[in-house]
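Coordinate inspection notes
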Amino acid sequence: LSDAERKNVEAIALKLDGPERVRNLQRFVNDYQWDEPWMRTRHWELSAEALSDPHGVWSVDASEFLKKGTASVGVAAQYCGAEGKTANCQSGVFICYSSPKGHALLESRLYLPKCWFEPAYAERRRLCRIPEDVGFETKPQLVLKLLQPLLATQQFGGRWITCDCSFGNNEAFLEELPKEFHYLAEIACTRKVWPKACAAQRRLEQEGCPVEQLLKIKGLLNWQTHRIAEGEKGPLVAAFARLRVYLSPERTPESERWLLLRNDANCKIKYALSNAPQQTPMRELVRVSGARWPIERCFQEDK
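Tracing the backbone through its elements, the reader meets arginine 191 in the loop between strand E6 (182-187) and strand E7 (192-195). Residue arginine 191 is classed as buried on the basis of its relative accessible area of 16%. At 3.1 Å, the side chain of arginine 191 forms a polar contact with the side chain of glutamate 171. Residues contacting arginine 191, with those up to four places away along its chain left out, are Gly168, Asn169, Glu171, Cys209, Pro210, Val211, Leu247 and Leu273.

Now the structure itself:
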């Protein structure tokens, strides 16, 4: 929290205590035993006291950290969201809780790409002190494992989970989420759905189409403008529309979902699926859609 230009161990020690303290701080960070489970539990307790609310929303997301070398644990050529392309970076999954009282990151885990478990990486795994019993897990698998103990504490109110399309396009992941929760999961514009009712083009009810094609059907979508939140430069406003759709041509009740479309001020349209009941008010979907923003804010502030 200081005004030091650089935030590594040496720069912090020099700024606060002088050169004789550099080694002490290095040893504190690098050599001392940290009771991480206790720290995590205490962090959850304090966060719940300050933030828990019946309108709370959970958000899961991945974030990347650019690297120049090859020595950092988990570093590899992989997709980097900040760059919008493949780059040399580390990647991790994160869980955020937000409510009208504020927001905080509660849990995270470093992602180890599959290449790190190949024989060629054996020496690198040893140097990075990766436990031998650690095996490859996908990002959705990591998130599900992290969510379980958090939700089991029942310290936080709210029954909504949101995620971006890297998780929302994974139907197996969505099926594994707790059944007592509703999700609002972003999807790609090419995701195929089957409209429940489309009077203008009845064939789409049987054949289905990518969600972006629904924009071209005149009179199908009823757009409404809603205020999402108060931003630093004033209210954040977007246009929303929704439609009942099926995830498969069988059109079973189990595959019925809400499709929420959001048109932001930059005219970029986002698509999301939700398993919320049909009677869910539009305003509730709008509110949860706005709750995706805090995790992005956490990434910006913490980095």
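With that settled, consider the nonpolar core. Membership of the largest hydrophobic core comes to 28 residues, with the highest contact counts inside it found for Trp58, Phe173 and Leu177. The set of elements that each furnish at least two residues to this core consists of helix H3 (36-51), strand E1 (57-66), strand E3 (85-99), strand E4 (102-111), helix H5 (139-152), strand E5 (160-163), helix H7 (171-176) and E6. Here this core takes 7 residues from H5, the largest share from any one element. In this view, leucine 177 contacts Leu144, Leu147, Ile161 and Tyr183; residues no more than four positions away in its chain are not counted.

One non-glycine residue with positive phi stands out, namely arginine 129, at about 60 degrees. Note that arginine 129 resides in the loop between helix H4 (122-127) and H5. Given a relative accessible area of 73%, arginine 129 falls into the exposed group. A positive phi angle, close to 55 degrees, is found at glutamine 154, a residue other than glycine. Of note, glutamine 154 is situated in the loop between H5 and E5.

Glancing now at the side chain of serine 248. Examined against the element boundaries, serine 248 turns out to sit in the loop between strand E10 (234-246) and strand E11 (256-263). Here the side chain of serine 248 touches glutamate 250 through a polar contact of 3.1 Å, side chain to side chain. Here serine 248 is in contact with Trp194 and Ser255, once residues within four sequence places are set aside.

Close approach of charged atoms lets side chains of opposite charge pair. The tally for this structure, following the rule as stated, stands at 20 salt bridges. A salt bridge links glutamate 171 to arginine 257, with the nearest nitrogen and oxygen atoms 3.9 Å apart. Here glutamate 171 is found in helix H7, whereas its partner arginine 257 is found in strand E11, with 86 residues between them in sequence. We classify glutamate 171 as partly exposed; its relative accessible area is 23%. Looking at arginine 257, the relative accessible area reads 6%, which means it is buried.

This paragraph deals with the packing of aromatic side chains. Tallying each qualifying case throughout the model produces 11 aromatic pairs. Ring geometry for phenylalanine 94 against phenylalanine 299: centres 5.2 Å apart, planes inclined by 70 degrees, an arrangement best described as edge-to-face. Here the residue phenylalanine 94 occupies a position in strand E3, and phenylalanine 299 occupies one in helix H10 (residues 293-302), the gap between them amounting to 205 residues. No difference in accessibility class separates phenylalanine 94 from phenylalanine 299, as the two residues are buried. Between tyrosine 97 and phenylalanine 156, the ring centres sit 4.8 Å apart and the planes meet at 55 degrees, which makes this aromatic pair tilted. Here the residue tyrosine 97 occupies a position in strand E3, and phenylalanine 156 occupies one in the loop between H5 and E5, the gap between them amounting to 59 residues. Tyrosine 97 gets classed as buried once you look at its relative accessible area, which sits at 0%. Note that arginine 124 overlies the ring of tryptophan 116, its terminal NZ or CZ placed 5.6 Å from the centroid. We note arginine 244 situated over the ring of tryptophan 258; from NZ or CZ to the ring centre the distance is 4.8 Å.

Here is what the cut-offs are and how they apply
- Residues numbered from 1 in each chain as written.
- Predicted model: local features only at pLDDT ≥ 70, side-chain atom pairs only at ≥ 80, totals over all residues.
- Heavy atoms only, no water.
- Helix = DSSP H or I, 4+ residues; strand = E, 2+ residues; numbered from the N terminus.
- Buried < 20%, exposed > 50% of the residue type's maximum accessible area, 1.4 Å probe, protein only.
- Polar contact = N/O pair within 3.5 Å; in protein donor to acceptor, adjacent residues only side chain to side chain.
- Contact = heavy atoms within 4.5 Å.
- Core = buried A, V, L, I, M, F, W, Y, C linked by side-chain atoms within 4.5 Å.
- Salt bridge = Lys/Arg side-chain N within 4 Å of Asp/Glu carboxyl O.
- Phe/Tyr/Trp six-rings, centres within 6.5 Å; stacked < 30°, edge-to-face > 60°.
- Lys NZ or Arg CZ within 6 Å of the ring centre and 35° of its normal.

Coordinates in, geometry out; function isn't part of it.
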